[in-house]
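# Overview (structure and organization)
Residue strings, one per chain:
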Amino acid sequence: MKRFATGLLLLATVIFLVSRWWEVNDGPAWIGYVRATAEAGMVGALADWFAVTALFRRPLGLPIPHTAIIPTKKDMIGDSLGDFVGENFLAEDVVRDKLARVQVSQRVGAWIGQEANASRITAELATAARGVVTVLRDEDVQEVIEQILVPKLLERPIGPPLGTVLEGVLADGSHLRLVDLVCDRAYDWVTANHDMVLRVVHERAPSWSPRFVDDLIADRVYLEVQNFAWNVKTDPEHPLRKAVDRFLVEFATDLQRDPETIERAERIKFQIVGHPDVQKFIGQAWSTVKGMILDAAADPSSALRNRVRDGFIALGTRLSNDTELRGKVDGWLADAAGYVVRHYRAEITTLITDTVERWDAEETSRKVELQVGRDLQFIRINGTVVGALAGLVIYTVGQLAFGS
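Definitions and limits used
- Residues numbered from 1 in each chain as written.
- Predicted model: local features only at pLDDT ≥ 70, side-chain atom pairs only at ≥ 80, totals over all residues.
- Heavy atoms only, no water.
- Helix = DSSP H or I, 4+ residues; strand = E, 2+ residues; numbered from the N terminus.
- Rg over C-alpha atoms; globule rule 2.2 N^0.38 Å.
- Buried < 20%, exposed > 50% of the residue type's maximum accessible area, 1.4 Å probe, protein only.
- Contact = heavy atoms within 4.5 Å.
- Areas by Shrake-Rupley, 256 points an atom, 1.4 Å probe, with all protein chains shown as cover.
- Lys, Arg positive; Asp, Glu negative; His and termini not counted.
- Charge placed at Lys NZ, Arg CZ, Asp CG, Glu CD.
- UniProt positions renumbered as here; feature names shortened; annotations may be inferred.
- Patch = residues over 30% accessible without salt bridge, like charges linked within 9 Å, V, L, I, M, F, W, Y side chains within 5 Å.
- Salt bridge = Lys/Arg side-chain N within 4 Å of Asp/Glu carboxyl O.
- Polar contact = N/O pair within 3.5 Å; in protein donor to acceptor, adjacent residues only side chain to side chain.
- Core = buried A, V, L, I, M, F, W, Y, C linked by side-chain atoms within 4.5 Å.

This part covers the overall build of the protein. A tally of helices and strands in the protein yields 19 helices and zero strands. Here the C-alpha atoms of the protein give a radius of gyration of 45 Å, more than 25% beyond the 22 Å that 2.2 N^0.38 yields for 404 residues. A principal-axis box enclosing the C-alpha atoms of the protein has dimensions of 165 × 45 × 40 Å. Of all 404 residues assigned to the protein, the portion counted as buried reaches 27%. For the protein, restricting intrachain contacts to residue pairs at least 6 apart in sequence, the fraction spanning at least 24 positions comes to 70%. When the accessible area of the protein is evaluated, it comes to approximately 27,000 Å², of which 63% is carbon and sulfur surface. Distance between charge centroids for the protein: 6 Å, based on 46 positive and 55 negative side chains.

Taking the numbering used here, the UniProt-annotated feature "transmembrane region" (unreviewed entry) corresponds to residues 30-56 and 381-402. Across residues 381-402 one finds 100% helix and 0% strand; the C-alpha atoms that close the span lie 31 Å apart.

Before going further, it helps to spend a moment on unusual backbone geometry. Across residues other than glycine, the phi torsion is negative in most instances, and most of the peptide bonds are trans. Its identity is not glycine, yet D26 carries a phi of approximately 60°, on the positive side. Counting through the fold element by element, D26 comes out in the loop between helix 1 (2-24) and helix 2 (31-56). Non-glycine residue Q103 carries a positive phi angle of around 55°. Along the polypeptide, Q103 turns up in the loop between helix 5 (92-102) and helix 6 (104-112).

What follows deals with a nonpolar patch on the surface. On the surface, Y339, V340, Y344 and I348 cluster together to form a nonpolar patch covering roughly 340 Å² of accessible area. Here Y344 lies in helix 18 (residues 323-358).

Taken together, the side chains of D79, D83, E87, D354 and E357 make up a negatively charged region of the molecular surface. Every element with two or more residues in the negative patch is listed here: helix 4 (74-88) and helix 18. Considering each element in turn, the negative patch owes the most residues, three residues, to helix 4. Looking at the secondary structure, you find D83 in helix 4.

On the secondary structure map, R305 appears in helix 17 (residues 303-321). Sequence-distant contacts of R305, that is, excluding residues within four places in its chain, are made with T122, A123, A126, A296, A297, A298, D299 and P300.

What follows is about the side chain of S19. Structurally, S19 is set in helix 1. Separated by 3.0 Å, the side chain of S19 and the backbone oxygen of F16 make a polar contact.

Looking now at the pattern of salt bridges. The final tally for this structure, using the stated rule, is 12 salt bridges. A salt bridge links R342 to E92; its shortest N-O distance comes to 2.8 Å. Placement of R342 in helix 18 and of E92 in helix 5 is noted, with a sequence separation of 250 residues between them. The exposure class assigned to R342 is partly exposed, which follows from its relative accessible area of 47%. Assessed through its relative accessible area of 24%, E92 is described here as partly exposed. In this structure, R185 and D188 form a salt bridge, with 3.9 Å as the shortest nitrogen-oxygen distance. Linking R185 with D188, this pair stays in helix 10 (residues 175-192), spanning three residues, or about one helical turn.

Inspection of the secondary structure puts F251 in helix 13 (residues 239-257). For the pair F251 and V393, spaced 142 residues apart in sequence, the C-alpha to C-alpha distance is 107 Å. Ignoring any residue separated from it by four or fewer positions in sequence, one finds F251 in contact with L166 and T261.

Take the nonpolar core next. Within the largest apolar cluster, six residues are counted, these being L9, A12, F16, A38, M42 and A45. Apart from the residues lying within four places of it in its own chain, the contact partners of A12 are A38, G41 and M42.

Written out as structure tokens, the structure is:
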């Protein structure tokens with residue numbers, strides 16, 4: 001484009017020289033129009049060449065004021081660009097309006113609600129998890145577990161939080177299924193161990209007691225125990241069940257408020273943690289967890305990956321269908337974005353200004369010229385053409401007004 005624009009200037013120069021020579025050597029009357037057109041084209045081409053060149057460098061290397069604008073004003077341009085971006089693109093109302101129109105939560109929900117996309121996210125997370133787990137040094141992680149996590153857990157009393165959890169379990173009745181299971185197993189055990197009852201009675205009976213009396217007593221004891229177990233199993237309001245409930249409620253309260261119970265819970269906690277098997281488990285905890293993560297992440301059909309994928313699908317479906325949830329998510333995103341641009345807009349725009357400031361002036365000028373220079377060369381071309389036409393019009397008007 002530079003060669004083409006320069007070629008037009010040279011063409012205008014050649015036409016001017018030829019036509020001027022012809023004009024002074026008694027050429028025809030119309031040659032004056034050609035000469036004026038070429039002369040004005042030369043002036044327009046030279047003026048626009050100077051204007052375009054002055055943006056990027058000093059024309060002909062001369063120290064003319066207000067030239068080489070981009071190299072000399074690079075930092076000022078970066079500051080102005082940063083201010084422009086900050087005021088027009090990072091304004092809080094602009095960001096909030098854009099997020100509201102984009103409807104991020106609805107689009108994300110529709111995307112992750114598709115099984116293929118949810119599987120893709122899960123696969124990427126699995127890859128990232130494998131990378132993180134592989135990069136971490138086993139001895140460092142194990143040291144964190146043994147010297148930081150475990151001591152922190154031991155510092156906090158276990159009684160009050162355990163009592164709170166137990167209280168919540170009792171409040172919603174979740175323990176009843178466990179009680180039912182224990183009662184069922186107790187009844188089944190009694191039913192299956194008639195011989196054991198007989199043996200115990202025989203072993204505890206006096207030596208002078210007749211054998212048939214021991215058998216009668218054993219049968220009677222067995223039937224009573226079996227009937228009792230059956231009643232506990234089938235009667236939700238049985239006194240034993242009520243007694244268990246009362247004990248658990250009192251125990252949950254004592255765990256939270258009774259110093260003696262709390263102290264006993266602490267002793268049991270330290271006994272458990274100090275047990276050789278538990279210490280062995282703590283020593284191998286990271287290796288065990290690491291192996292589980294790597295195995296689950298590497299197997300596309302693992303239960304962990306399936307649950308993560310199903311979780312993403314469920315979240316996407318809910319975001320697509322639940323207007324209230326979408327409103328909350330969009331509100332959270334808008335608030336977060338508003339907070340960021342409110343408090344960190346200057347830091348964000350500094351990224352622009354600092355980056356521009358680090359650029360080399362000449363290199364910056366060259367890069368900008370390569371990006372927009374093609375269009376700027378059209379200014380030179382248009383200057384040549386428009387100048388030539390303007391010169392023709394001016395010469396023609398002059399001839400009509402003052403010519404003989």
